[in-house]
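Structural overview for review
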Amino acid sequence: MLRRLRQWRRRRLLERHALPAAVVAEIYGQLPVLASLNPSERERLVELATLFLAEKRVIGAGGLEPDLGMAVTVALQACLPVLNLGLDWYRGFTTIILYPGDFVARHHYQDELGLEHLDELPMVGEAWEGGPVVLSWADVAGSGELDGFNVVIHEFAHKLDMCNGEANGHPPLHEGMNRQAWTLALSGAYEALCETLDAGEEPALDPYAAESPAEFFSVVSEAFFELPGGLAEVCPEVYRQLVLFYRQDPWRRLSGRPV
Ligand SMILES: [Zn+2]
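In this report, we go over the structure that sits alongside the text. In this text the structure is predicted, and so the values were computed from the model without any measurement.

Thresholds applied
Residues numbered from 1 in each chain as written. Predicted model: local features only at pLDDT ≥ 70, side-chain atom pairs only at ≥ 80, totals over all residues. Heavy atoms only, no water. Donors = N, O, S within 2.8 Å, 3.2 Å for Na, K, Ca; no water. Tetrahedral: all angles 85-135°; square planar, octahedral: opposite > 155°, others 65-115°. Helix = DSSP H or I, 4+ residues; strand = E, 2+ residues; numbered from the N terminus. Patch = residues over 30% accessible without salt bridge, like charges linked within 9 Å, V, L, I, M, F, W, Y side chains within 5 Å. Areas by Shrake-Rupley, 256 points an atom, 1.4 Å probe, with all protein chains shown as cover. Salt bridge = Lys/Arg side-chain N within 4 Å of Asp/Glu carboxyl O. Core = buried A, V, L, I, M, F, W, Y, C linked by side-chain atoms within 4.5 Å. Buried < 20%, exposed > 50% of the residue type's maximum accessible area, 1.4 Å probe, protein only. Domains from an automatic or database assignment. Axes fitted to C-alpha atoms, helices over the stretch in contact; angles between N-to-C directions. Parallel < 35°, antiparallel > 145°, perpendicular 65-115°, else oblique. Contact = heavy atoms within 4.5 Å. Nonpolar A, V, L, I, M, F, W, Y, C, P; charged D, E, K, R; others polar. Pairing = 2+ DSSP bridges. Left-handed = near helix turned anticlockwise from the far one by under 90°. Arc of directions from axis to C-beta.

Before going further, it helps to examine the coordination of the zinc ion. All of the protein donors around the zinc ion are His154 (NE2), His158 (NE2), Glu215 (OE) and Glu215 (OE); their distances to the metal are 2.1 to 2.7 Å. Bound by 4 donor atoms, the zinc ion shows angles of 53 to 143 degrees at the metal and therefore irregular coordination geometry. In the primary sequence, the donor residues of the zinc ion line up as H-x3-H-x56-E. Of this pair, His154 and His158 both sit in helix α6 (residues 151-161), separated by 4 residues, roughly a single helical turn.

Have a look at this one:
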């Protein structure tokens, strides 16, 4: 009964909030990161993006007034990681804030001595636990080019990581996945990256991944969708764990290898 009710609600939302096909086709064509999806995956992604925009709102800040094309650009890329997981993974927040470019995030924090500090950092994206995802439109527009950079996937990977509390590089794993194998793969690669940087050597991954295990997970998620062959080559165990977690294999998709 509940399942049927959910399906009915889904159908109704899809009908009521259907996105103009011409806009979807135009944006889709501008995003090489989506080009390797087969027709049924593409259809499912557009459905997810439609439901995403029906449930959430994309609002502007810093003088930007997002148009439908901008909202669709965010939604299609945000839904790629959950293509085989479902939108429930993005429960608990409703707002995506778009700035025209870099924005300054102000973070108050207390140090061990109890002293108050204020950090003001220029950011291109930010995901709040239980709150909005904030993105720089200039960087969203530069995402999806299969070059390893994707601020949308990066911030929404933090959201997946937050499904079981503070982002720490350990999102909830699916039944049948092995927590030890996940930790071994991701922590091992994280520590190896930190050692490479400490030794002053050239890292194979974006050095920003060494900021914390949470950033590591988001950066390798970007690479997983944007440069999957490169990630599979330099961190094969991480790649394998991400295939299990995201339930998709972008490298196989891009290289046209049979499933
Ligand atoms: Zn991050």
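Taken together, the side chains of Leu2, Leu5 and Trp8 make up a nonpolar region of the molecular surface, amounting to roughly 360 Å² of accessible area. Considering the arrangement of structural elements, one finds Leu2 in helix α1 (residues 2-16).

Here we come to the nonpolar core. With 76 residues, the main nonpolar core has Phe52, Phe216 and Tyr246 as its most contacted residues. There are two domains that each give this core at least three residues, and those are domain 1 (1-146) and domain 2 (168-259). Core analysis: the next-biggest nonpolar cluster, separate from the first, contains 6 residues, Ala61, Ile97, Ala105 and Met123 among them.

Another point: the packing of helix α7 (residues 179-198) against helix α8 (residues 213-226). Two elements in contact, α7 and α8, have axes whose closest approach is 10 Å; the angle formed by their N-to-C orientations is 100 degrees. Relative to α8, α7 is oriented roughly perpendicular. Residues Trp182, Leu186, Ala189, Tyr190 and Leu193 of α7 form the contact with α8, whose participating residues are Pro213, Phe216 and Phe217. Taken together, the residues of the contact of α7 with α8 break down into 8 nonpolar, no polar and no charged.

Our focus in this paragraph is the sheet that holds strand β1 (residues 57-60). Read from one edge to the other, the open sheet built from 4 strands follows the order β1-β2-β6-β5, with strand pairing classed as mixed. At either margin of the open sheet sits one strand with a lone partner, and together these are β1 and β5 (125-127). Here the average twist between neighbouring strands, direction ignored, is 20 degrees. Relative to strand β6 (residues 133-136), strand β2 (residues 95-99) runs parallel, the two sharing 4 bridges. Within β6, the residue paired with Leu98 across the bridge is Leu135. Running over the sheet, α6 touches β2, β5 and β6 and is turned about 165 degrees from β6.

For the rest of this paragraph, the subject is the packing of helix α3 (residues 39-55) against helix α4 (residues 68-79). Axis separation between α3 and α4 bottoms out at 8 Å; the angle between their running directions is 120 degrees. By the angle class used here, α3 and α4 are oblique. When you trace α3 past α4, the crossing you get is right-handed. Touching Leu45, Val46, Leu48, Ala49, Phe52 and Leu53 of α3 are Ala71, Val72, Ala75, Leu76, Ala78 and Cys79, all from α4. Split by residue class, the contact of α3 with α4 holds 12 nonpolar, no polar and no charged.

Moving on: helix α10 (residues 236-246). Within α10, the full set of buried residues consists of Val238, Tyr239, Gln241, Leu242, Phe245 and Tyr246. Along the axis of α10, the buried positions cluster into a sector of 165 degrees, meaning they face one direction only. As for α10, its buried residues are in contact with α6, α7, α8, α9 (228-234) and α11 (250-255). The first or second residue beyond α10 is Arg247, which carries a positive phi of 55 degrees.

When the charged atoms of two side chains with opposite charge come close together, those side chains can pair. For the structure on display, the rule yields 4 salt bridges. Across the salt bridge formed by Glu47 and Arg10, the nearest N and O atoms sit 3.1 Å from each other. On the criterion of sequence distance, the pair formed by Glu47 in helix α3 and Arg10 in helix α1 is long-range, its members being 37 residues apart. Since its relative accessible area comes to 34%, Arg10 is described here as partly exposed. With a shortest N-O distance of 2.7 Å, Glu237 and Arg240 are connected by a salt bridge. Of this pair, Glu237 and Arg240 both sit in helix α10, 3 residues apart, which is roughly one turn of that helix. With a relative accessible area of 42%, Glu237 lands in the partly exposed category.

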